[in-house]
Amino acid sequence: MAKNEDFITVLGARVHNLKNIDVQIPRENLVVITGLSGSGKSSLAFDTIYAEGQRRYIETFSAYARQFLGGLERPDVDKIDGLSPVIAIEQKTTSKSPRSTVGTITEIYDFLRLLFARAADAYSYNTGEKMVSYSDEQIKTLIEEDYLEKKLTILAPVVRSRKGHYRELFEQIAKQGFLKVRVDGELLDITKGMKVDRYKNHDIEIVIDRLQLSKGNEYQNRLQEAIKTSMYHGNDVMMLIEQETQEVRYFSRALMCPKTGISYPLPEPNNFSFNSPKGMCPHCNGLGHLYEVNVDKIVPDKKLSIKQGALAPQGPQKNNWIFKQLELIAERFQFKLSDPFEKIPEEAVEMILFGGKEKFDIESKTLGITRSYKIDFEGIATFIQNTFNNNESTSLKRWAKEFMNHISCPECDGSRLKKDSLFFKINNKNIAELAAMDIDELQKWFLSLPKQLSVKQFQIAEEILKEVNTRIQFLSDVGLNYLSLGRSSKSLSGGEAQRIRLATQIGSQLVGVLYILDEPSIGLHQRDNERLIKALMQLRDLGNSVIVVEHDKDMIEHADHIIDIGPAAGKYGGEIISEGTPAEVKKHHTLTAQYLNNEKQIEVPKERRKGNGKSIKLTGATGNNLKNVTLEIPLGKMVGVTGVSEVKINTHQ
Ligand SMILES: [Zn+2]
């Protein structure tokens, strides 16, 4: 018998239906725990081994930390020996945040951001031309042309959106003879011991000079000096604020549009993050889509009058403030609330929907006097948009949503990023275009990339490319080559999410860990199943123990060791009925052995059901990657929908 440290030994496990079982699980092996549903597989793998691993992990925390976490209960087991740190890769643990994507969970997108910050070429969003670098002399000429007789502050950006208290930095700046800094947009005198909140992101610029440009040599020299000094301290970027308008403009020795003079700050990884204010599209806050009021939903039937309820959010006329305002608008534009909506003058419709303010007088014929009225109306559509944007109440939001459309953001075209971030390109592609490619396409693109790069670019990119390529390969290895990095993790199936975590784990190259997986083959096509098994073996070969709870025959046959739990479900299960290598397990007369030996199979029925003659017809389905599919599904039958994973079987819109 092998040494004890080669095994995880479980003695007297009684969790749920387990019948006081003892089991030895060989370490650094691929071990499959199988058996009928409900036989006790998960009770052993998750509720005993994983639970104990978690409990021991939390025990290692300080007493202080533990009082917040709460202790975990010890599972009902006499003893577990030889346990390494445990990582469970379950199906349910994905982030449902709309800000999480395949790219962010696998960290591939983080490497892309780094790559774009370091090696991308910038193009002007005004002209599409490649941004060029100017000499200080050229920058000076530009400033003289644009800001003659204006008061200017010249600054050197030294900290951009980074955390820290910056006490030493302020000290240093003062030592160099500067008196003022601009911190997060505010001009401040440097004081002794000055510091800022270390846990917040800060922008800090040194005020280099304040001057008013006028013709003549004196200011010319001073401007020249200021440019030089700010470029020196600002790492080749200078900032200029025009005092009157407070307009901020960057000048960079690196990146300026030759035609229009716009310049981008030197890129940093956050400029390409849709989760950072530096990179996100301001219109949709980096979500890529938004809700927009749909006027047709507010007025679904233009033949109705407002009185009858043409304005769906308001319903028929009531005695309230809104209808009083509507009456005023009707007075002003000379129509009646009982007129069909389609007869109302356009100007009035505009005011009803989008609001307006107006004072007007009406002469009363009967009384012979003139009365003044005031319209101050928010507009129904504006009200709905505001309710949706600003209201905390979910039920009001839901109400507002009924009159809105869910649309792709028109500003960023769903790419989630702000305009200038999309004008940084590598080999003609911006980062959003890469995130939209599927993993196969992306892999091809990256493999051919080195040839397209300049020597300098390649030197910068080489290490990053290695990281990207290996991670892409891992995703491909677990059969996820059809996904794109931009795919929201919300829309992933449990199996896909699990395989992404698996790919990330392989990528992390940890050694000596016990991984426990819950039916990773679920939902996989046969072809992808082989890749999955390979990935698990890779994880094992790195020096890890892998336990898989699984029914899949291929997986069982590839295991180094099988633990078969049964014989039946619930209280009739919970025992180990056979264990050993696949060959050993096949010799027993268990249900599992019968399936492995092909003695038992799921019988194909001799007669197929006829169905009830009815059907569901789908026309023009385009959810996710569906290519305008039209099909008819017969009812009253069992219908199989098949295809290689992610041909897209389960898109439900
Ligand atoms: Zn947007």
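Scoring rules and cut-offs
- Residues numbered from 1 in each chain as written.
- Predicted model: local features only at pLDDT ≥ 70, side-chain atom pairs only at ≥ 80, totals over all residues.
- Helix = DSSP H or I, 4+ residues; strand = E, 2+ residues; numbered from the N terminus.
- Rg over C-alpha atoms; globule rule 2.2 N^0.38 Å.
- Buried ≥ 20, exposed ≤ 12 C-beta atoms within 10 Å, placed from the backbone.
- Pairing = 2+ DSSP bridges.
- Axes fitted to C-alpha atoms, helices over the stretch in contact; angles between N-to-C directions.
- Expected span 1.5 Å × (residues − 1).
- Contact = placed C-beta atoms within 7 Å.
- Core = buried A, V, L, I, M, F, W, Y, C linked by C-beta atoms within 7 Å.
- Domains from an automatic or database assignment.
- Left-handed = near helix turned anticlockwise from the far one by under 90°.
- Nonpolar A, V, L, I, M, F, W, Y, C, P; charged D, E, K, R; others polar.
- Parallel < 35°, antiparallel > 145°, perpendicular 65-115°, else oblique.
- pLDDT = per-residue confidence, 0-100.

### Topic: the overall build of the chain
Move 1: Scanning the chain from terminus to terminus reveals 20 helices and 23 strands.
Move 2: What you see for the chain is a C-alpha radius of gyration of 34 Å, clearly larger than the 26 Å of a compact globule of 653 residues, by over 25%.
Move 3: Over its C-alpha atoms, taken along the principal directions, the chain stretches across nearly 100 × 80 × 55 Å.
Move 4: Residues classed as buried in the chain amount to 32% of the 653 residues present.

### Brief notes about the sheet that holds strand β4 (residues 77–81)
Move 1: One open sheet accounts for 3 strands, arranged β2-β1-β4; its pairing is antiparallel. Of all strands in the sheet, those with a lone pairing partner are β2 (21–26) and β4, marking the two edges. Strand-to-strand, the axes of this sheet are offset by a mean angle of 5°, without reference to chain direction.
Move 2: Here strand β1 (residues 7–13) pairs with β4 via 4 bridges, running antiparallel. Across the sheet, residue Ala-13 finds its bridge partner in β4, namely Val-77.

### What about the sheet that holds strand β11 (residues 237–242)?
Move 1: The strand order β9-β8-β10-β7-β11-β12 describes an open sheet built from 6 strands, whose pairing is antiparallel. Two strands in the sheet have a free side with no partner beyond their single neighbour: β9 (186–189) and β12 (248–252). The mean angle between the axes of side-by-side strands here comes to 35°, regardless of whether they run parallel or antiparallel.

### Some remarks on the pairing of strand β20 (residues 561–566)
Move 1: Where burial is concerned, most of β20 is hidden: 5 out of the 6 residues are buried.
Move 2: Here 5 bridges tie strand β3 (residues 30–35) to β20, and the two strands are oriented parallel to one another. By the bridge assignment, Val-31 is partnered in β20 with His-561.
Move 3: Here 5 bridges tie β20 to strand β21 (residues 575–580), and the two strands are oriented antiparallel to one another.

### Re helix α14 (residues 439–452)
Move 1: Taking 1.5 Å of rise per residue, the 14 residues of α14 would be expected to cover 20 Å, and the 20 Å separating its terminal C-alpha atoms lies within 8% of that figure.
Move 2: For α14, the complete set of buried residues consists of Ile-439, Leu-442 and Leu-449.
Move 3: Where α14 is buried, its residues contact α13 (431–436) and α15 (455–477).

### Considerations on the nonpolar core
In summary, soluble globular proteins display a tendency toward joint burial of nonpolar side chains.
Move 1: Counting 116 residues, the largest nonpolar core has Val-31, Ile-33, Ala-45, Leu-112, Ile-516 and Ile-547 as its most contacted members.
Move 2: Examining the composition of this core, we find that 7 residues originate from one element, helix α4 (residues 108–119), more than from any other.
Move 3: In this structure, Ile-306, Leu-326, Ile-329 and Phe-403 belong to the second largest nonpolar core, which totals 19 residues.

### Focus: the domain arrangement of the chain
Move 1: Partitioning the chain into structural domains gives domain 1 (4–93 + 492–596), domain 2 (98–120 + 270–278 + 415–491), domain 3 (126–266), domain 4 (301–382) and domain 5 (609–653).
Move 2: Spacing between the C-alpha centres of domain 2 and domain 3 amounts to 32 Å.

### Topic: α4
Move 1: Counted at 1.5 Å a residue, the expected span for α4 with its 12 residues is 16 Å, and the 16 Å between its end C-alpha atoms agrees.
Move 2: Residues of α4 that are buried: Ile-108, Tyr-109, Phe-111, Leu-112, Arg-113, Leu-115, Phe-116 and Ala-119.

### Side note on unusual backbone geometry
Trans peptide bonds make up the majority, and among non-glycine residues the majority have a negative phi.
Move 1: The step from Gly-566 to Pro-567 runs through a cis peptide bond, and the omega angle for that step is 0°.
Move 2: With respect to the helices, strands and loops of the structure, Pro-567 is situated in the loop between β20 and β21.
Move 3: Although it is not a glycine, Gln-334 adopts a positive phi angle of roughly 55°.
Move 4: The backbone of Asn-428 shows a phi angle near 70°, a positive value even though the residue is not glycine.
Move 5: Within the secondary structure, Asn-428 sits in the loop between β17 (424–425) and α13.
Move 6: Under the C-beta neighbour-count criterion, Asn-428 is labelled exposed, with 9 such atoms within 10 Å.

### Remarks on the packing of helix α16 (residues 494–508) against helix α17 (residues 526–541)
Move 1: Between α16 and α17, the least distance of the axes is 10 Å, while the angle of their chain directions is 35°. The crossing of α16 and α17 is left-handed. The residues of α17 that touch α16, namely those facing Arg-499, Leu-502, Gln-505 and Ile-506, are Leu-532, Ala-535, Gln-538 and Leu-539.
Move 2: Across the contact of α16 with α17, the residue classes tally to 5 nonpolar, 2 polar and 1 charged.

### Let's talk about the packing of α4 against α15
Move 1: Remark: α4 packs on α15, axes separated minimally by 10 Å, with the N-to-C direction vectors making an angle of 170°. In terms of their interaxial angle, α4 and α15 are classed as roughly antiparallel. Taken together, the residues of α15 that come into contact with α4 (itself represented by Ile-108, Phe-111, Leu-112, Leu-114, Leu-115, Arg-118 and Ala-119) are Gln-457, Ile-460, Ala-461, Ile-464, Glu-467, Val-468, Arg-471 and Ile-472.
Move 2: When grouped by side-chain class, the residues that make up the contact of α4 with α15 number 11 nonpolar, 1 polar and 3 charged.

### A short note on the pairing of strand β8 (residues 180–183)
Move 1: As paired strands, β8 and β9 are joined by 4 bridges and run antiparallel to one another. Opposite Lys-180, over in β9, you have Asp-189 as the bridge partner.
Move 2: Counting the residues that bridge the hairpin from β8 to β9 gives 2 residues, and of these Asp-184 lies at a positive phi of roughly 50°.
Move 3: Looking at chain direction, β8 and strand β10 (residues 201–212) are connected through 3 bridges and run antiparallel. Residue pairing for β10: Arg-182 is matched across the bridge by Glu-205.

### Focus: the environment of Thr-34
Move 1: Its location among the elements puts Thr-34 in strand β3.
Move 2: Sequence separation between Thr-34 and Ile-563 is 529 residues; the distance between their C-alpha atoms is 6.2 Å.
Move 3: The residues touching Thr-34, leaving out its near neighbours within four places in the chain, are Lys-41, Glu-550, His-551, Ile-556, Ile-562, Asp-564 and Thr-592.

### Things to note about the environment of Pro-410
Move 1: Position of Pro-410 relative to the elements: it lies in the loop between β16 (404–408) and β17.
Move 2: The spacing of Pro-410 and Cys-284 is 126 residues in sequence and 8.9 Å in space, taken between C-alpha atoms.

### Some words on the confidence of the model for the chain
Move 1: Mean pLDDT over the chain stands at 87; residues scoring 70 or higher make up 94%.
Move 2: Between residues 646–653, whose pLDDT stays under 50, and residues either more than four places distant or in other chains, the model counts 12 contacts.

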